[in-house]
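Residues per chain, in single letters:
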Amino acid sequence: MHQDLNAELFARAQKVIPGGVNSPVRAFKAVGGTPRFIRRAEGAYFWDADNKRYIDYIGSWGPMILGHGHPAVLEAVQKAALDGFSFGAPTEREVELAEQILQLLPSMEMVRLVSSGTEAAMSALRLARGATGRKHIIKFEGCYHGHADALLVKAGSGLATFGNPTSAGVPPEVVQHTLVLEYNNLTQLEEAFALHGHDIACLMIEAIAGNMNFVRATPAFAKRCRELCTQHGALLLFDEVMTGFRVGLQGAQGVLGIKPDLTVMGKVIGGGMPLAAFGGPRAIMEQLAPMGPVYQAGTLSGNPVATACGLATLREIAKPGFYQALGAKTKRLVQGLQAAADAEGVPFCTESEGGMFGFFLLPELPQNYSQVMRSSNPRFNHLFHGLLDQGVYIAPALYEAGFVSAAHTDADIDATIEAARVAFKTLPKE
Ligand code: KE4
C-alpha cells in the first residue's frame, strides 16, 4: 500500500512537530487523508516516501517555475555553496539580484531582500506606516499576506469596519487599525476612504488573488484602488509574493498596467530557496534603517546561496518567449479541464494568467471570498483525492491556486486532464 511509509512518517512527525508539518496547509486537514512526504523532485514531478510519482502542480506554492532541479539553477547553487553558506555581511550577488529585480520592475527604485513573504509584507507594512505617519491599513477578505499579527484579521461586523483577529494570540488592539473590505467591492472601498482616507497608511492587495484560489481584481476596482490611494496620500501596496514573476515578467502590476507604491515579492525570486523582497520609490525606501527611522533587519537576508538560486531562476524566466510558452501550457491545462468537466456535466470554471491557474466547482467565476466559499468541500475533496490516487498532485485546499512549470510537458498536461475526467465521473452530486 503506497500510503504505509507516508502514514508512518506522518505518525512519527506528529510526535515532534505540531500537526506533523511546518506549515499548516501541508497537513491535508482541509481534504483529509495522509500527507505525502516528498523524498525528491525532478522537473515537473516529485516522489513520495513510497516512491510514488506525482505530477506536481504546487511547485512549492509558486517558486518552482522552472520545474525542480533546473541544471543552470542547480549549478549556481552548488557553486555558491562551495564559496560559503552565509556571511552576515554584504555580497556582490545581493547587489546583482537587486539590480535585476529593479530592471524587471520599473515601479521600484530600491529593494530590500528578506527571507520570507511574511517578513517582506510585515516590513513593507511597517515602512508604509513609518513613511506616512499614519496607522490605518486596508486589506481584503480572502487575501493572505503571511502571518504578521496585524494581517491575521477577518472582516468586522458591518461595512468598512475594523477587523477582528483570525488567530489566537493576536490581541484585538493589534488589528484595531486594520480595515477588512470585500474584494472587488467598490462601494465599501469608497466608503472606507471617505471615512478614514486621511489616516490610511496603505491599501494592501493581491491584485490577482491566489489565496482564495484564483480571483482577479476587476480593472475598474484595481484602478479605483490606485486613484483613491493617490487622492488620499495612502500608499498602494501590491502583494506579489505569489504573482511576482509568476503571472508574467512584470507580475500583476504588469498585467493590470497599474504602478503600485510598494511591491512585496517572494517565491519565484528565490527559486525555491528562502528569499523574498519588498521595494518601491527611493524616497520611501530610504526611510528604512540604516538610512531612516523605520527599523528592519535579518540575519539571513540576502543569503548568498539563496541569491544565487534566485538570480539563476530570474535569468531563465527573463529569456524571450518564456511566458508565452508557459502561458500557453497553462491555458492548455485549464481548457482541457473545462472540456472534461463539461463532458461530465460538472459545474466548473477556470482562470489562469501566465503560470498560475485556478478552478472552481461552480458554474461561474467568483468575484470575492464569500462567493468562492460557496464551493462544495466534499466535491473538491473527492476531486483532490481522485487526482492524487492517479498521480496528480494539486493544492490540498479549494482556496489555493495551482502552478504550472516550464518542465510540464504536453503529455503531463494531457495525463492530468484524463485523470480529471476519470475523477469527474464519480464526483458526488451537489
Ligand atoms: P511566506 O511567509 O509563506 O513565504 O509568504 C507569505 C505569503 C504572502 N503573500 C502571499 C500573496 C502569499 O501567497 C504568501 C504565502 N502563500 C502560501 C500559499 N497560499 C504559502 C503556503 C503555506 O502557507 O505553506
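Not measured: the values here are computed from a predicted model.

Basis of the calculations
- Residues numbered from 1 in each chain as written.
- Predicted model: local features only at pLDDT ≥ 70, side-chain atom pairs only at ≥ 80, totals over all residues.
- Heavy atoms only, no water.
- Buried < 20%, exposed > 50% of the residue type's maximum accessible area, 1.4 Å probe, protein only.
- Helix = DSSP H or I, 4+ residues; strand = E, 2+ residues; numbered from the N terminus.
- Pairing = 2+ DSSP bridges.
- Near = heavy atom within 4 Å.
- Polar contact = N/O pair within 3.5 Å; in protein donor to acceptor, adjacent residues only side chain to side chain.
- Areas by Shrake-Rupley, 256 points an atom, 1.4 Å probe, with all protein chains shown as cover.
- Nonpolar A, V, L, I, M, F, W, Y, C, P; charged D, E, K, R; others polar.
- Salt bridge = Lys/Arg side-chain N within 4 Å of Asp/Glu carboxyl O.
- Arc of directions from axis to C-beta.
- Contact = heavy atoms within 4.5 Å.

Chemist: Account for the pairing of strand 14 (residues 276-280), with residues named and values stated.
Modeler: Counting buried positions over the five residues of strand 14 gives five, a clear majority of the element. Side chains Ala276, Phe278 and Gly280 of strand 14 all project onto a buried face; the interleaved residues Ala277 and Gly279 project onto the opposite face, where all are buried too. Pairing between strand 4 (residues 110-114) and strand 14: five bridges, direction antiparallel. In the sheet register, Val114 faces strand 14, and the bridge partner there is Ala276. Relative to strand 14, strand 13 (residues 262-265) is paired through three bridges, and the arrangement is antiparallel. By the bridge assignment for strand 14, Met265 is matched with Ala277.

Chemist: Help me get a handle on the site of the ligand, residues and values and all.
Modeler: The immediate surroundings of the ligand are formed by 16 residues, with Ser23, Thr118, Asn211, Asp239 and Glu400 found nearest. Within the backbone of Gly117, a nitrogen or oxygen atom sits 3.0 Å from an oxygen atom of the ligand. Starting from 540 Å² of accessible surface for the ligand in isolation, the protein chains cover 85%. When grouped by side-chain class, the residues that make up the shell around the ligand number five nonpolar, seven polar and four charged.

Chemist: Describe the pattern of salt bridges, naming the residues involved and giving the relevant values.
Modeler: Here the structure, examined in full by the defined rule, presents 16 salt bridges. The shortest N-O distance in the salt bridge between Asp410 and Arg332 comes to 3.7 Å. You can see Asp410 sitting in helix 14 (residues 410-425) and its partner Arg332 sitting in helix 11 (residues 322-343), a full 78 residues away along the chain. Given the relative accessible area of 40%, Asp410 is considered partly exposed. Connected via shared salt-bridge partners are Glu190, Lys223, Arg224 and Glu227.

Chemist: Can you lay out helix 6 (residues 186-196) for me, pointing to particular residues and giving the numbers?
Modeler: When we look at burial in helix 6, the residues that qualify are Gln188, Leu189, Ala192, Phe193 and His196. Relative to the axis of helix 6, the buried residues are bounded by an arc of 130° and lie together on one face. Along helix 6, the residues that are exposed and aim more than 90 degrees away from the buried face are Thr187 and Ala194. The secondary structure elements touched by the buried residues of helix 6 are strand 5 (136-140), strand 8 (178-181), strand 9 (200-205) and helix 7 (219-232). Where helix 6 begins, one side-chain oxygen reaches toward the backbone nitrogen of Thr187, 3.1 Å away; that side chain belongs to Asn185.

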